[in-house]
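Observations on the three-dimensional arrangement
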Amino acid sequence: MLFSKEDVAQAINTLFEPAWESVRAVPIVKIDFGNGKVVTRTLNGNIATYVCTPEGEVLDIMAGIYTPAQYLANLREFNLLARYVDQQGKDKRGESLKSYHEVQEKALKENGQAARLVGGFRDMSKMKVIEKPLLVLLRVPPPAAAQGRQGEKASPAEESPNLENPDDLANWKVLAEDTRVNETVRRREIHALLKESGLVHPEKITKPLYKDILHADLDDPYLGLGETLFANYPFAKEDRRSN
Amino acid sequence: MWSRKRILGVISIVVIGSFLLMGVIAGSVMGDDAKFDNTPVSVVKNPGIRADVGKTVAIEPPTKAIVAAKSATVIESQNPKVMPGKVKWHSNFSDACAASKKSGKPVLLFQMMGKLDNQFC
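Note that this is a predicted model, so its numbers are computed, not measured. (Residues numbered from 1 in each chain as written. Chains lettered and ligands numbered in written order. Predicted model: local features only at pLDDT ≥ 70, side-chain atom pairs only at ≥ 80, totals over all residues. Heavy atoms only, no water.)

**So, the pairing of strand S3 (residues 38-42) of chain A**
Residue and element names in this part refer to chain A. One ladder, built from five bridges, connects strand S2 (residues 28-32) with S3; its direction is antiparallel. By the bridge assignment, Ile28 is partnered in S3 with Thr42. Counting the residues between successive antiparallel strands, the hairpin from S2 to S3 contains five residues, one of them, Gly34, with a positive phi of roughly 80°. (Pairing = 2+ DSSP bridges. Helix = DSSP H or I, 4+ residues; strand = E, 2+ residues; numbered from the N terminus.)

This is how it looks when you write it as structure tokens:
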């Protein structure tokens, strides 16, 4: 599990004040094969990680599952974002945040890659590091332009661990692909959502996030699985009535 | 030879039965109207009968304790509790925000379906 990883847990404990909450019960499927073998799995569960101000305002969100490496990289960006939005003062936080989401949405649309927050700029004339380094949001070159460069490091999502077991490797590839989709398609949708919503608390954004971006409508008792469960099932009407 | 569990079970039944019998007898002494009256019997109203105020304090607890201690174990949940990773989670979002105001660190809110401290989540 992600939070059992030493580096992820340490980063969260060091950089954030963390809390978790359940948005609803997760569907659990249990198949009893009748020979003593029972398989239990969750179905259609989904997750989201928010970074918020001390006042509880949402700054950014990661939705869906991630490789540990990419999750860690994003956590570090989130920590920088919390400083970035207050650089011009707390009263300008809303403006800074909106601008951030606009830049990110555009970067993902045009480059397929998010802009990054960088900081630690020195006062070159006096060769002195500014106590609170200025953070700047930089657009990274599109992937095609980077291909020709030698020694270009793969993005955290692309770095694969050394896995010899074919099942582990297959699972890793699925996770890596999920991460890629979450980092591109979903992050772009999230930036569009947060650009419009402004500074809001999580409860205002949770339902639209799950319904429109994660495609898991929290108000649907079957979490979008109704069609799959009941189509062509001869006793569907009875089931629905009894539920 | 009877097992200890069986012996204690029989004793519990006898004790409970005795109390029920006492209740029936007390009810018949109080009269028809009082049988359906849930309010404690007033000493002033029925000076010969002691008020039934010690029932929940003195009479029931020992019986309940015996039954609870010797009953079959409750079947464990199908979704057992586990440690929610190595992160030091605050109890809730509000507590995390309060801590954030003191520490200056931003809040990280992890949302999920199911519970992080359940095996299947």
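On we go.
**Considerations on the interface of chain A and chain B**
Accessible area lost upon the coming together of the parts is a frequently used measure of interface size. On the side of chain B, 33 residues touch chain A, which itself brings 48 residues to the contact. The junction of chain A with chain B conceals about 3,700 Å² of combined surface from both sides, 64% of it contributed by carbon and sulfur atoms. Here chain A is connected to chain B by one salt bridge. The salt bridge involving Lys86 of chain B is made with Glu6 of chain A; its shortest N-O contact spans 3.0 Å. Counting the contacts that link chain A with chain B gives 26 residue pairs in polar contact (both at pLDDT 80 or more). Looking at the side of chain A that touches chain B, the elements that each hand over two or more residues are helix H1 (6-15), strand S1 (17-24), S2, S3, strand S4 (47-52), helix H2 (68-84) and helix H6 (202-213) of chain A. (Contact = heavy atoms within 4.5 Å. Buried area = accessible area lost by both parts, 1.4 Å probe. Salt bridge = Lys/Arg side-chain N within 4 Å of Asp/Glu carboxyl O. Polar contact = N/O pair within 3.5 Å; in protein donor to acceptor, adjacent residues only side chain to side chain.)

**Points about the side chain of Thr184 of chain A**
Residues and elements named next belong to chain A. Relative to the assigned elements, Thr184 resides in helix H5 (residues 166-197). A polar contact of 2.6 Å, which involves the side chain of Thr184, links it to the backbone oxygen of Arg180. If we skip the residues at most four places from it in the chain, Thr184 touches Leu108 and Gly112.

**Looking at the nonpolar core**
Core analysis: the biggest nonpolar cluster contains 32 residues, and Phe3, Ile12, Tyr71, Leu75, Leu81 and Tyr84 of chain A together with Phe110 of chain B have the highest contact counts within it. When contributions to this core are tallied by element, the ones reaching two or more residues are H1, strand S5 (58-63), H2 and helix H3 (93-111) of chain A together with strand S1 (107-113) of chain B. With seven residues, H2 of chain A is the single largest residue contributor to this core. Tyr84 of chain A has contacts with Ser96, Tyr100, Leu117, Leu135, Val136 and Leu137 of chain A, leaving out every residue within four places of it along the chain. Grouped together as the second largest cluster of nonpolar side chains are 25 residues, Ala48 and Tyr210 of chain A together with Leu109 and Met113 of chain B included. (Core = buried A, V, L, I, M, F, W, Y, C linked by side-chain atoms within 4.5 Å. Buried < 20%, exposed > 50% of the residue type's maximum accessible area, 1.4 Å probe, protein only.)

**Structural notes on a nonpolar patch on the surface**
All names here are of chain A. Residues Val29, Ile31, Phe33, Val39 and Leu43 make up a contiguous nonpolar surface patch of about 390 Å² in total accessible area. Assignment of secondary structure puts Ile31 in strand S2. The exposure class of Ile31 is partly exposed, given its relative accessible area of 42%. (Patch = residues over 30% accessible without salt bridge, like charges linked within 9 Å, V, L, I, M, F, W, Y side chains within 5 Å. Areas by Shrake-Rupley, 256 points an atom, 1.4 Å probe, with all protein chains shown as cover.)

**Considering the pairing of S5 of chain A**
Residues and elements named next belong to chain A. Along S5, six of the six residues are buried, which leaves the element largely enclosed by surrounding structure. Both S4 and S5 contribute to a ladder of five bridges, which runs antiparallel. Looking at S5, one finds that Ala48 is bridged to Ala63. Connecting the antiparallel pair S4 and S5 is a turn made up of five residues, with Gly56 showing a positive phi of about 85°.

**Describing H6 of chain A**
All names here are of chain A. Along H6, the residues classified as buried are Pro202, Ile205, Thr206, Leu209, Tyr210 and Ile213. Buried residues of H6, viewed axially, fall in a sector of 125°; they line one side. Opposite the packed face of H6, turned more than 90 degrees from it, sit the exposed residues Glu203 and Lys204. Following H6 by one or two positions, His215 adopts a phi angle in the positive range, close to 55°. (Arc of directions from axis to C-beta.)

The values reported here are purely geometric and, on their own, carry no functional implication.
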